[in-house]
Amino acid sequence: MKTRQYILTIAGHDPSGGAGLTSDIKTFEAHGLYGLSVCTAVTVQNDVDFKDCVWVETNTIISQIEMLFERFEISVVKIGIVKSWNVLLAILNTLHQLNANIKIVLDPVIKATAGFDFHTTENQDVLDQIFEKCFIITPNYDEIKLLYPTKDIEDTIAHILEKTNMYLKGGHRNDKKGWDVLYYNTIVQTNIAPKAKTVFEKHGSGCVLSSSLASNIALEILLEDAARAAKYYTEQFLNSNKTLLGCHKKVVKNLEIKNTEAKTNL
């Protein structure tokens, strides 16, 4: 039997299964990948309320990562909530030591929808180092405003693009709600419009989009096509039912992707 391709998520545990590790694993599975996971935090939450977060020790996180790399070949990693930028930098350094060509998709979760703050953005130098080690980051409009508080959005985008690629999620936009923008190669900007006319809100939709994008990158799909496919997958997830907990549908191979035979070469 052919061995399935591996992909890793480094994120928190959500007991409701709507976000974090379990959501990422469901998304990976839907894309035909075998999901590995490293836990960074145990959260006390459901699909509506967030009460507490118990952080996993940094050494334990690193040990989990090293153990997986001893056994599995991992080319793409998706990262969610982490205690601090310094801890995240330590994780990134470890990943690059284990695989110099690793591609990292960072979903910089700063604050939960319920208002819980995961960490501050005081150390801008560390933040710059973090972005330089990522292949792409996937903030939403609320999060990007918090990354560099002294800059406006335009300057923040320009600054980030000097370090990495970015998929800016538009669910929190006031002007064009649901319109996302992919920035890559520092100069290319691609608007990704929503296809669905009706969208039901879902707990963990940001995790789903970033893990879908990571899956498509692992499948060596061109970045722009990977982003459009991730958007389409997320919309299917959002409209899977009317509750806050969505259902994951297996991806039909080559659906909505034009250049599946081409490798991501950015």
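Look up a bit, the structure's there.
Residues numbered from 1 in each chain as written. Predicted model: local features only at pLDDT ≥ 70, side-chain atom pairs only at ≥ 80, totals over all residues. Heavy atoms only, no water.

### Topic: the overall build of the chain
Reasoning step 1: Secondary structure assignment for the chain yields eight helices and nine strands.
Reasoning step 2: Scored against the burial criterion, the 266 residues of the chain give a buried share of 51%.
Reasoning step 3: With the model as given, the accessible surface of the chain reaches about 13000 Å², and the carbon-plus-sulfur share is 49%. (Helix = DSSP H or I, 4+ residues; strand = E, 2+ residues; numbered from the N terminus. Buried < 20%, exposed > 50% of the residue type's maximum accessible area, 1.4 Å probe, protein only. Areas by Shrake-Rupley, 256 points an atom, 1.4 Å probe, with all protein chains shown as cover.)

### Focus on the pattern of salt bridges
A side chain of one charge can pair with a side chain of the opposite charge when the charged atoms of the two come close.
Reasoning step 1: Taken as a whole, this structure holds five salt bridges when the rule is applied.
Reasoning step 2: The closest approach of N and O atoms between D107 and K169, which form a salt bridge, is 3.1 Å. Taken together, the positions of D107 in the loop between β5 (103–106) and α4 (124–132) and K169 in the loop between β7 (165–168) and β8 (180–184) put the pair 62 residues apart, joining distant regions of the chain.
Reasoning step 3: The exposure class of D107 is buried, given its relative accessible area of 2%.
Reasoning step 4: Between K231 and D180 there is a salt bridge, and its shortest N-O distance comes to 3.2 Å. A residue pair is termed long-range when its members are at least 10 positions apart, and K231 in helix α8 (residues 223–238) and D180 in strand β8 qualify at 51 residues. Here K231 matches D180 in class, with each residue buried. (Salt bridge = Lys/Arg side-chain N within 4 Å of Asp/Glu carboxyl O.)

### What about the packing of aromatic side chains?
The relation between two aromatic rings is expressed through the spacing of the ring centres and the mutual angle of the planes.
Reasoning step 1: Applying the stated criterion across every chain yields a total of three aromatic pairs.
Reasoning step 2: For the pair Y6 and Y34, a centre-to-centre distance of 5.6 Å together with 80 degrees between the ring planes defines the contact as edge-to-face. With Y6 in strand β1 (residues 6–13) and Y34 in strand β2 (residues 34–45), this pair connects stretches of sequence that are 28 residues apart.
Reasoning step 3: Residue Y34 is classed as partly exposed on the basis of its relative accessible area of 40%.
Reasoning step 4: Put simply, the rings of Y6, Y34 and F72 touch in pairs and so form one group of aromatic residues.
Reasoning step 5: Sitting over the ring of F135, K103 keeps its end group 4.8 Å from the ring centre. (Phe/Tyr/Trp six-rings, centres within 6.5 Å; stacked < 30°, edge-to-face > 60°. Lys NZ or Arg CZ within 6 Å of the ring centre and 35° of its normal.)

### As for helix α7 (residues 205–218)
Reasoning step 1: Its 14 residues place the ends of α7 20 Å apart at the C-alpha level, agreeing with the 20 Å of an ideal helix rising 1.5 Å per residue.
Reasoning step 2: The element α7 is extensively covered by neighbouring structure, given that 13 of its 14 residues are classed as buried.
Reasoning step 3: Immediately beyond the C-terminal end of α7, within one or two residues, lies E220, with a positive phi of roughly 65 degrees. (Expected span 1.5 Å × (residues − 1).)

### Brief notes about the nonpolar core
Reasoning step 1: Judged by nonpolar contacts, the single largest core of 46 residues is most densely connected at I79, I91, L95 and I130.
Reasoning step 2: Ranked by residues supplied to this core, first place goes to helix α3 (residues 85–98) with seven residues.
Reasoning step 3: I79 has contacts with I10, L88, I91, L92, L95, I104, V105, L106 and D107, leaving out every residue within four places of it along the chain.
Reasoning step 4: Residues L33, V105, Y167 and I192 belong to the second largest nonpolar core, which totals 21 residues. (Core = buried A, V, L, I, M, F, W, Y, C linked by side-chain atoms within 4.5 Å. Contact = heavy atoms within 4.5 Å.)

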